[in-house]
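Listed here are the chains, written in short residue letters.
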Amino acid sequence: MQSILKVLYPHICLLCDCPTDNPGLCPKCWADAPFIDGAACTQCGAPLLGEAAEAARCDTCITVARPWDQGRAVFTYDGSARKMVLRLKHGDRTDYAPQAAAWMVRSAQQMPMINPVLIPIPLHWTRRVHRRYNQAGLLAQAMAKQAGWEVLPRGLTRPRRTKVHENLSREERFTNMSNALTICPSAQIRRRDVLLIDDVMTSGATLAAGTEACRAAGAARVFVQVLARVTLPP
Ligand SMILES: [Zn+2]
Ligand SMILES: [Zn+2]
């Protein structure tokens, strides 16, 4: 009986632990997952109403400077996607990384990158010690492995401990992050396309700081791929 079930349902859903015939999510959790698969903002990946247009931007990205060339998100930060991000970040569910990375690779491949080098958004080392891993680093490494891309897991560093963003306004987040990230001197990104990786984009302040650091180190173009985009103002 066990082996028949295993043939019929060879996978376990990442969210509800039910047996399923799909890798990743069961049909119920899949239906609840807010995948962005229609028209999307070319800078932050937020879903847009209507037909997909070239170089379409959402209302936020029209008003907030986005120094990177293009960006994409797999999900909006809702429902099962939110659950997945929180478990990956705080719940020690590092086993989510390969499936999340597969979705992120598929999403990133829609951008016109040439032989990109992947760099995760870093945590300050004191936070990494506390949490034991950097979820963005896990995602970047899994993506690189699956797509055959180069990855620099410590390419960006966060030399000073920045404030936690949760209770800051959008302006305070940008001020808090300005010059907070630097490219490690040994990271060779001159004239390369860089793909910055993070789990969530909220204000975009951290990704903007990462982009500035990459440009200062001579990157050709900078692209952004996140797992989930927070689409409502925090
Ligand atoms: Zn499920
Ligand atoms: Zn946008």
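This section reports on the structure supplied with the text. Not measured: the values here are computed from a predicted model.

Rules and cut-offs
- Residues numbered from 1 in each chain as written.
- Chains lettered and ligands numbered in written order.
- Predicted model: local features only at pLDDT ≥ 70, side-chain atom pairs only at ≥ 80, totals over all residues.
- Heavy atoms only, no water.
- Donors = N, O, S within 2.8 Å, 3.2 Å for Na, K, Ca; no water.
- Tetrahedral: all angles 85-135°; square planar, octahedral: opposite > 155°, others 65-115°.
- Helix = DSSP H or I, 4+ residues; strand = E, 2+ residues; numbered from the N terminus.
- Axes fitted to C-alpha atoms, helices over the stretch in contact; angles between N-to-C directions.
- Parallel < 35°, antiparallel > 145°, perpendicular 65-115°, else oblique.
- Left-handed = near helix turned anticlockwise from the far one by under 90°.
- Contact = heavy atoms within 4.5 Å.
- Expected span 1.5 Å × (residues − 1).
- Buried < 20%, exposed > 50% of the residue type's maximum accessible area, 1.4 Å probe, protein only.
- Polar contact = N/O pair within 3.5 Å; in protein donor to acceptor, adjacent residues only side chain to side chain.
- Phe/Tyr/Trp six-rings, centres within 6.5 Å; stacked < 30°, edge-to-face > 60°.
- Pairing = 2+ DSSP bridges.

### Describing the coordination of the zinc ion (ligand 1)
Phase 1 of the analysis: For the zinc ion (ligand 1), every protein donor is listed as Cys-13 (SG), Cys-16 (SG), Cys-26 (SG) and Cys-29 (SG), and the spread of their distances is 2.3 Å.
Phase 2 of the analysis: Because the angles between the four donor atoms bound to the zinc ion (ligand 1) fall within 104 to 115 degrees, the donor set is best described as tetrahedral.
Phase 3 of the analysis: Summarised as a motif, the one-chain spacing of the donors to the zinc ion (ligand 1) is C-x2-C-x9-C-x2-C. Of this pair, Cys-13 sits in the loop between β1 (11-12) and β2 (19-20) while Cys-29 sits in helix α2 (residues 27-32), and the two are 16 residues apart along the sequence.

### Here's the deal with the packing of helix α8 (residues 170-177) against helix α9 (residues 205-216)
Phase 1 of the analysis: Look at α8 against α9: their axes get within 8 Å of each other, and the N-to-C directions meet at 30 degrees. By the angle between their axes, α8 is roughly parallel relative to α9. Our pair here, α8 against α9, has a crossing hand that is right-handed. Along its contact with α8, which presents Arg-173, Phe-174 and Met-177, the element α9 presents Ala-205, Thr-206, Ala-208 and Ala-209.

### Describing helix α7 (residues 135-147)
Phase 1 of the analysis: If you check α7, its first and last C-alpha atoms are 18 Å apart, about what 13 residues at 1.5 Å a residue would give, namely 18 Å.
Phase 2 of the analysis: Taken together, the buried positions of α7 are Gln-135, Ala-136, Gly-137, Leu-139, Ala-140, Ala-142, Met-143 and Ala-144.
Phase 3 of the analysis: The backbone nitrogen of Ala-136 lies 3.1 Å from a side-chain oxygen of the residue at the head of α7, namely Asn-134.
Phase 4 of the analysis: At the C-terminal side of α7, Gly-148 shows a positive phi close to 75 degrees.

### Some points on the packing of aromatic side chains
Phase 1 of the analysis: Per the counting criterion, the structure on display carries five aromatic pairs.
Phase 2 of the analysis: On the numbers, 5.2 Å between centres and 80 degrees between planes, the contact of Phe-35 with Trp-103 is edge-to-face. Here Phe-35, found in the loop between α2 and α3 (59-63), pairs with Trp-103, found in helix α5 (residues 97-108); they are 68 residues apart in sequence, far enough to count as distant. With respect to class, Phe-35 is no different from Trp-103; both count as buried.
Phase 3 of the analysis: For the ring pair Phe-75 and Trp-103, a centre distance of 5.5 Å and an interplane angle of 80 degrees mean the geometry is edge-to-face.

### Let's talk about the sheet that holds strand β5 (residues 150-151)
Whenever strands of a sheet pair, they do so through backbone hydrogen bonds, lying parallel or antiparallel.
Phase 1 of the analysis: Pairing in this open sheet of five strands is parallel, and the strands run β3-β9-β8-β4-β5 from one edge to the other. The open sheet has two free edges, formed respectively by β3 (70-76) and β5, since each of these has just one partner strand.
Phase 2 of the analysis: Direction of pairing for β3 relative to strand β9 (residues 221-229): parallel, over a ladder of six bridges. If you follow Phe-75 over to β9, its bridge partner there is Ala-228.
Phase 3 of the analysis: Set on the sheet, α9 makes contact with β8 (193-201) and β9; between it and β8 the angle comes to about 165 degrees.

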